[in-house]
Amino acid sequence: MRTLKLNGHVGFDTLPDQLVNRAIGQGFVFNILCVGETGIGKSTLMETLFNRHFDFTKSPHDLSEVNLVSKTYDLAEANVRLKLSITETAGFGDQINKEASAKVVLEYIEEQFEKYLQEELKMYRTMDKFHDTRIHVCLYFIPPTGHGLKALDAVTMKKLDSRVNIIPVIAKSDTITKTELQVFKARLLQDIKANDIKIYQFPENDDNSAQANKACNALLPFAIVGSSDEEIRVNGKPTRVRQYPWGTVQVENESHSDFCKLREMLLRVNMEDLRERTHTMNYENYRKMRLTQMGFRDDENFSLKETYERRRELQKKELQQIEEDMRLMFITRVKEKEQALKQAEKELQDKYEKLKNKHMASKRSLEERRRILESDIEVFRKRQLTAEQGKAVKGKKK
Ligand code: GDP
């Protein structure tokens, strides 16, 4: 009898391993958006976080509008591949009219959702090959003023909060004192609450990370310090620092800044939660809104055929409206042209009449002058005749 040999243990307890292997094979995507004024330290923080130099170009302060500059890097650690996209705002807050700044950022976030949605709606979709550019986290850089949330920051955060996970950070926190920082953090939280801005909260429902997440939630907004170039050895270990004439700020020293906490929360503990929340909440809300706009309904009576018919009807109406508008525009244009032609014709006629009258008047005056001239000639001839006759009579007498 043939006996089959098992190659290994059989059971569904290997499912997690299968998932891990598949995920490692596919690689991961993580997209960060840095929002903040020019020179606030966005590029430096990114380089400090990932401990490498990125080829960011410094943006000037005189841009006429906000631009979003995005760069993608393929990183690898052990056998895990990460496609990291970093998007930064260039020229944010540099314009006199600051209203447009927030709009540009929101539009960029929605554009990435739209690209994903369009791919999802395709008949033949290739989601595994599609480069998902949806923003997973927005690091919002607050200037270390010590006063409170600026109007521009409050407005922008409020605009973005339903579309992206916002983690507020106090930039260049080495420029304010420890006591000022505590007061500043409390003020910022007050302003965030007063403006009803929803910032990302690290999840506290997972037993493994609940405690760390809870502690970090209490630390928000993180006070961070970045340094991409300076490194010294502290206790024999290379340490990133910012050196000043009066001392040294160690970026990774937890009593100097919350940088380590941010790095831990962002990259080690909650990256997957940020990705998941983006897909299941932020993108889902956008998708719902767009599908509703497209005419889809989410109730029991929903029928694809009905929706299709409704959309067709709607499009037909829209086309008819466009046709009607174009017809009216055409008629108006023709009328305007006719009016202009009539006016031009009238002007020409007037000009012609004027010229004709002028010509007649000059003809009349010429006629008059000719008549006078002819009568003068007649008088002259008569005189000449009389003179000649007088001369002849005198000659005979002699
Ligand atoms: P970006 O325009 O927002 O990308 O700003 P950069 O990262 O180019 O930084 C602008 C300047 O701020 C550089 O001279 C940095 O060295 C400096 N800088 C960056 N991070 C910090 C920080 O945490 N503290 C201080 N004091 N300066 C910083």
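Everything numeric here is computed off the predicted structure, so don't read it as measured data.

**Here's the deal with the overall build of the chain**
A count of helices and strands for the chain gives 9 helices and 9 strands. The C-alpha atoms of the chain give 43 Å as radius of gyration, which overshoots the globular expectation for 398 residues (21 Å, by more than 25%). Along the first, second and third principal axes, the C-alpha atoms of the chain reach 175 × 75 × 50 Å. Taking the contacts inside the chain whose residues are at least 6 apart along the sequence as the reference set, 68% of them involve residues at least 24 apart.

**Considering the sheet that holds strand 9 (residues 247–250)**
Strand order in the open sheet made by the 3 strands is 7-8-9, with antiparallel pairing throughout. Here the strands that pair on one side only, and so sit at the sheet edges, are strand 7 (231–234) and strand 9. The sheet shows a mean angle of 55° between the axes of neighbouring strands, direction not considered. Looking at chain direction, strand 8 (residues 237–244) and strand 9 are connected through 4 bridges and run antiparallel.

**Regarding helix 5 (residues 178–194)**
Here helix 5 spans 24 Å end to end across 17 residues, near enough to the 24 Å set by a 1.5 Å rise per residue. For helix 5, the full list of buried residues reads Leu181, Phe184, Lys185, Leu188 and Ile192. For helix 5, the arc enclosing every buried residue in end-on projection is 105°, short of the 170-degree limit, so these residues lie on one face. Facing away from the buried surface of helix 5 by more than 90 degrees, the exposed residues are Thr179, Gln190, Lys193 and Ala194. Turning to helix 5, the residues buried within the fold contact strand 4 (137–142), strand 5 (166–170), helix 6 (210–219) and strand 6 (222–223).

**Digging into the UniProt feature "coiled-coil region" (unreviewed entry) in the chain**
Listed under "coiled-coil region" (unreviewed entry) in the UniProt record, and renumbered for this structure, are residues 305–383. Segment residues 305–383 splits into 100% helix and 0% strand. End C-alpha atoms: 115 Å apart.

**What about the packing of aromatic side chains?**
Inspection of every chain in the model, using the stated rule, returns 10 aromatic pairs. With 5.8 Å between their ring centres and 70° between their planes, Tyr116 and Phe130 make a pair best called edge-to-face. In this pair, Tyr116 is assigned in helix 3 (residues 99–121) and Phe130 in the loop between helix 3 and strand 4, connecting sequence segments 14 residues apart. Aromatic pair Tyr116 and Tyr283: ring centres 5.0 Å apart, planes at 80°, arrangement edge-to-face.

**Topic: the sheet that holds strand 3 (residues 80–90)**
Pairing is mixed in the open sheet, where 6 strands are placed in the order 2-3-1-4-5-6. At either margin of the open sheet sits one strand with a lone partner, and together these are strand 2 (67–77) and strand 6. Lying over the sheet, helix 3 contacts strand 1 (28–35), strand 2 and strand 3, oriented at roughly 45° with respect to strand 2. Lying over the sheet, helix 8 (residues 271–293) contacts strand 1, strand 3 and strand 4, oriented at roughly 85° with respect to strand 1.

**Points about the pairing of strand 7**
As paired elements, strand 7 and strand 8 share 4 bridges and run antiparallel to each other. Across the sheet, the residue bridging to Arg233 is Pro238, located in strand 8. In sequence, strand 7 turns back onto strand 8 through a hairpin of 2 residues, with Asn235 there showing a positive phi of about 50°.

Conventions adopted
Residues numbered from 1 in each chain as written. Predicted model: local features only at pLDDT ≥ 70, side-chain atom pairs only at ≥ 80, totals over all residues. Heavy atoms only, no water. Helix = DSSP H or I, 4+ residues; strand = E, 2+ residues; numbered from the N terminus. Rg over C-alpha atoms; globule rule 2.2 N^0.38 Å. Contact = heavy atoms within 4.5 Å. Pairing = 2+ DSSP bridges. Axes fitted to C-alpha atoms, helices over the stretch in contact; angles between N-to-C directions. Expected span 1.5 Å × (residues − 1). Buried < 20%, exposed > 50% of the residue type's maximum accessible area, 1.4 Å probe, protein only. Arc of directions from axis to C-beta. UniProt positions renumbered as here; feature names shortened; annotations may be inferred. Phe/Tyr/Trp six-rings, centres within 6.5 Å; stacked < 30°, edge-to-face > 60°.

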